[in-house]
Amino acid sequence: MTRTEEQLRDALNGVAELVHGTERARVPAARGRRRFSGWLVPATMAAVLLVVVAGVFTAASLRSPAAPKPVSPAGASGRYFVSLTAQGAGPAGNGAAVRDSATGEVVHVAPAPEGTEWSAAAATADGSSFYLVGSRGDAAGSLLYRLRPSTGASWRLDPVAGVDLPVVDGVAVSPDGTRLAYVKAGPRKTAVADHIEIHVVTLAGGHREVFQSSALIGAESLSWSADGARLGFAATFRGGRTELRILDAAAGHDLLKASRPVAERGLGQLTTPVLGADGSKVYVIAAQPAEDGGPSWTRLIEVDAASGRQLRVLFEQRHGDSSTNTVWNFTVLVRDASGRRLLLVSNGWGHRIDIGTARAERFPVPEGEPHSLAW
Amino acid sequence: MDGLETEVADPPGDPRDGVAALFHDNRLKLLRLAVLMVGDEATAEDVVQDAFIGLHRRWSGLDDERKAPAYARASVLNGCRSVLRRRSIARRLGIVHEPPVWSAESEVLVGEERRGVMEALQKLPRRRREVLVLRYYLDLGDAEIAEAMGIAEVTVRTTAARALTALARLLGNQE
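All residue numbers here refer to positions counted from 1 along the written sequence of the relevant chain. The lettering of chains begins at A and the numbering of ligands begins at 1, in the order of writing. This being a predicted model, a pLDDT of at least 70 is required before a residue's local features are given, and a value of 80 or more before pairs of side-chain atoms are given or counted; all residues contribute to the totals for chains, interfaces and linings. Calculated side-chain values reflect all of the structure's heavy atoms, with hydrogen atoms and water omitted.

**Q** Explain the packing of aromatic side chains to me, using residue names and the numbers behind them.
**A** Centres within 6.5 Å make a pair out of two Phe, Tyr or Trp rings, where for Trp the six-membered ring is used; the pair is then stacked when the planes are under 30 degrees apart, edge-to-face when over 60, and tilted otherwise. Under the criterion given, the structure shown has 6 aromatic pairs over all chains. On the numbers, 6.3 Å between centres and 40° between planes, the contact of F130 of chain A with W155 of chain A is tilted. Linking F130 of chain A in strand 5 (residues 130-135) with W155 of chain A in strand 7 (residues 155-165), this pair joins segments that are 25 residues apart in sequence. Side by side, F130 of chain A and W155 of chain A carry an identical accessibility label, which is buried. Linked through ring pairs, Y80, F130 and W155 of chain A together constitute an aromatic cluster. A positively charged side chain is recorded as over a ring if its NZ (Lys) or CZ (Arg) lies within 6 Å of the ring centre. The angle to the ring normal must also be within 35 degrees. Against the face of F237 of chain A rests R241 of chain A, its NZ or CZ located 4.1 Å from the ring centre. Cation over ring: K29 of chain B sits above Y137 of chain B, and NZ or CZ is 4.6 Å from the ring centre. Secondary structure elements are taken from DSSP: a helix is a run of H or I of four residues or more, a strand is a run of E of two residues or more, and numbering for both begins at the N terminus. Think of it in three bands: residues with accessible area under 20% of the maximum for their type are buried, residues over 50% are exposed, and the middle band is partly exposed, with areas taken using a 1.4 Å probe on protein chains only.

Here it is, written out as structure tokens:
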């Protein structure tokens with residue numbers, strides 16, 4: 001157990017033991033009168049605020065799109081990436097930081113609009129548009145925004161109207177920038193989702209394709225192939241088994257029938273698969289044991305999508321201790337639109353990895369580990 | 001330290017018996033969980049009471065009454081999320097709520113290091129905070145945490161890894 005884990009366990013138990021719960025230790029009756037005094041005022045304010053926010057965004061969406069024509073920066077494709085870091089340090093804070101992918105330098109920060117928190121980011125292939133999801137909480141869902149270069153060195157953030165989004169922690173925009181994919185969990189009968197849906201929404205017009213399976217209780221880490229025909233994702237079945245899968249977006253709406261598994265075996269615990277540009281490879285973060293029985297490795301590996309075989313190790317870091325709780329040293333991974341580079345962030349450094357040569361270059365990311373990257 | 005342990009009586013149960021047994025065995029643990037999430041005991045009491053009221057209403061609809069403790073945990077977590085969301089909105093309107101029990105303003109003595117850890121924990125996003133509290137306070141396994149939060153097990157592991165990294169950084173630990 002690490003020092004942080006020890007401190008955390010001690011603090012949680014220390015605070016918990018201050019609570020003795022002697023005031024209302026009686027079984028509540030089902031028809032017991034609810035106590036509105038502490039809830040009514042905030043709830044009313046919430047309703048008022050939502051009306052105001054809705055009004056603001058309705059007004060924004062009705063504005064004429066007479067914006068300055070976007071000027072793509074020189075060598076736009078892959079020149080910038082966006083990182084979202086909750087409670088990040090430094091000038092970026094909780095905002096969406098646009099960074100130079102060569103140096104990691106923050107060139108622009110887009111704060112989350114009032115009433116929202118940035119929960120996910122995605123990039124298009126031309127490198128000139130990023131999509132950001134602003135979460136407003138489970139009941140109110142999320143709003144979608146587009147961030148793109150404006151005149152000179154400035155960037156502009158516009159709400160994207162007509163896309164009904166729940167709270168999501170990941171989205172993937174098709175390389176041509178026309179479709180947005182995200183995961184939505186079905187209603188919960190008990191604690192587990194009844195089914196899982198992958199939604200693919202056309203941004204112009206809102207047409208929606210829904211791929212659904214009741215065999216799954218989770219899906220995450222969506223990533224498109226360069227032709228926009230396939231979508232890689234990590235699936236979790238009832239009972240907890242996980243699987244890397246590749247969805248053919250034109251093969252019907254049964255999520256399992258329309259997708260095929262990447263039959264990997266013995267690669268360790270996997271997370272954050274990213275589909276290669278041509279769909280023939282999957283890049284994924286794996287926790288793998290050390291041959292000598294010592295501390296384990298976190299590796300970025302290349303997997304053949306047809307056979308599930310590990311082809312190469314592109315990047316690796318060894319754990320500092322043998323803690324069994326910390327599975328991975330890094331968990332966020334993204335591919336650039338060219339399909340030639342991958343980017344991950346670990347322990348204050350961004351690592352840019354050339355897929356062809358497996359050469360890694362690093363740059364400082366002092367703000368903390370992002371929860372979402374878009375490149 | 002133990003997690004929530006109740007095995008509820010065999011069905012078909014009178015909801016009053018089942019809920020009473022669950023309440024008796026788990027109330028304090030759930031109350032403490034809620035305090036760790038929302039910061040004060042009065043609000044935590046409301047959350048736990050509401051969770052049990054909801055459980056009472058839905059008792060006959062439970063597929064498997066042995067799942068009731070997990071259902072109660074999930075209900076308490078949902079209740080805590082609602083509280084925090086309402087507070088977030090109220091805060092923007094200038095309304096302040098009671099400081100958390102671990103804060104310097106509180107009259108309760110927590111200790112500097114514990115206070116620092118709790119304050120760092122509050123800086124994490126909601127999902128990361130929940131995973132850490134469920135793992136390091138209730139000692140739940142990844143599958144149980146996944147069930148309580150309604151997320152996939154792999155998401156629990158990635159979230160926990162990210163959360164510990166972020167927490168270590170906030171605490172200035174070199175790990």
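**Q** Tell me about helix 7 (residues 153-171) of chain B, residues and numbers included.
**A** Residues and elements named next belong to chain B. The end-to-end C-alpha separation of helix 7 is 27 Å, in line with the 27 Å expected for 19 residues at 1.5 Å each. Most of helix 7 is tucked away: 15 of the 19 residues are buried. The first or second residue beyond helix 7 is G172, which carries a positive phi of 75°. Between the first and last residue of a helix there are one fewer steps than residues, each counted as 1.5 Å, and that sum is the expected span.

**Q** Could you give an account of the sheet that holds strand 13 (residues 230-237) of chain A, naming the residues involved and the relevant values?
**A** Residues and elements named next belong to chain A. For two strands to count as paired, DSSP must find a minimum of two bridges between them. Ordered by their spatial adjacency, 4 strands build an open sheet running 12-13-14-15, and the pairing between neighbours is antiparallel. A single partner strand is all that each edge strand has here, and the edge strands are strand 12 (216-224) and strand 15 (259-262). Averaged over all adjacent pairs, the angle separating strand axes in this sheet is 30°, with direction ignored. Here strand 12 pairs with strand 13 via 6 bridges, running antiparallel. Whenever a helix is involved, its axis is fitted only over the stretch in contact; in every case the axis is a line through C-alpha atoms, and angles between N-to-C directions fall within 0 to 180 degrees.

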